[in-house]
Amino acid sequence: YYYPSSECLENSKRYISSIWTQLCQKFGDYDNRLIFESVNEPRLAGTNYEWWFDKNSAQCIDAANCINELNQLFVDTVRASGGNNASRYLMCPGYSASASSALMDEFKLPKDSVQNRLIVSVHAYTPYNFALQGPNESGSKSDFKASNSSDTGEITSFMDSLYQKFISNGIPVVIGEFGARDKNSNTQARIDFSAYYVACARANGITCCWWDNNAFSGSGENFGIFDRRTLTWKYPEIKDAIIKYCQ
């Protein structure tokens, strides 16, 4: 129903148009606290390029162009629905919603009929070996120190780049997913990471949201910090570290 390739473009357009026409009808009266995002992590799923964009690959370049076209259709569809949707804030991602893809020349922010209502959408589990990589995989790290440039360098670099390309030009950026999975109860490292990450983001004018998948145990990606069954904070210190610097 949705795949960013020329071969699937027409069907993807039908999907985007149909879905967003219905969503706009349902939520058209909601105020601007409701933000729409075109699609989640558009990518060439099932290929070698699913999470890795190769600028030398014609297939990847084609995917980037299709995502631009589908983001534009999303914006046009929402605006045409009228009501509060005519001025609603809209989020648009690049390939796989990665920061590196948003920073590429191939990513084009859609044209909009209203000013200052488009937001660049980014997901960034950085540094990967600490934040997202499985604890039993080669190269995985469970420690993080804000005083160690090898831990913080990637965070600082990509946020500085987002600032230079977008924020400094009046284009907002939201990191809609970030976090650090639990690795054998490395809570203090996750606290330190959260504080540094959010502080760096806010210093660059970027808003970010922790990816809480309500997972706390087992061998999967345990990003949960708030238990939605008991309505209690499993990791209140991480929550506090985020809040301290998010203002």
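Up top you'll find the structure we're talking about.
Asks: Help me understand helix 2 (residues 58-80) in this model?
Replies: Because an α-helix packs 3.6 residues into every turn, residues spaced three or four apart end up facing the same way. Compared with an ideal rise of 1.5 Å per residue, which puts 23 residues at 33 Å, helix 2 spans 33 Å between its outermost C-alpha atoms and is within 8% of the ideal. You can read the cap of helix 2 off the contacts: a side-chain oxygen lies 3.2 Å from the backbone nitrogen of Gln 59, and it is on Ser 57. Following helix 2 by one or two positions, Gly 82 has its phi on the positive side, about 75°.

Asks: It is not clear to me how the packing of helix 6 (residues 187-203) against helix 7 (residues 236-246) should be interpreted in this structure. Could you clarify?
Replies: Each pair of packed helices can be summarised by the angle the axes make with each other and by the distance between the axes. Running from amino to carboxyl end, helix 6 crosses helix 7 at an angle of 20°, the nearest separation of the two axes being 8 Å. One way to sum up the angle between helix 6 and helix 7 is to call them roughly parallel. As helix 6 runs across helix 7, the sense of the crossing is right-handed. Mapping the contact onto sequence places Arg 190, Ile 191, Ser 194, Ala 195, Val 198, Ala 199 and Arg 202 in helix 6 and Glu 237, Ile 238, Ala 241, Ile 242, Tyr 245 and Cys 246 in helix 7. In the contact of helix 6 with helix 7, the residues fall into nine nonpolar, one polar and three charged.

Asks: Help me understand the side chain of Arg 79, please; the structure alone is not making it clear to me.
Replies: Counting through the fold element by element, Arg 79 comes out in helix 2. Take Arg 79: its relative accessible area is 9%, and that puts it in the buried class. One polar contact links Arg 79 to Asp 112, side chain to side chain, over a distance of 2.9 Å. Ignoring anything within four residues of it in the chain, the contact list for Arg 79 reads Asn 85, Ala 86, Ser 87, Arg 88, Leu 90, Asp 112, Ser 113, Val 114 and Arg 117.

Criteria and thresholds
Residues numbered from 1 in each chain as written. Predicted model: local features only at pLDDT ≥ 70, side-chain atom pairs only at ≥ 80, totals over all residues. Heavy atoms only, no water. Helix = DSSP H or I, 4+ residues; strand = E, 2+ residues; numbered from the N terminus. Expected span 1.5 Å × (residues − 1). Polar contact = N/O pair within 3.5 Å; in protein donor to acceptor, adjacent residues only side chain to side chain. Axes fitted to C-alpha atoms, helices over the stretch in contact; angles between N-to-C directions. Parallel < 35°, antiparallel > 145°, perpendicular 65-115°, else oblique. Left-handed = near helix turned anticlockwise from the far one by under 90°. Contact = heavy atoms within 4.5 Å. Nonpolar A, V, L, I, M, F, W, Y, C, P; charged D, E, K, R; others polar. Buried < 20%, exposed > 50% of the residue type's maximum accessible area, 1.4 Å probe, protein only.

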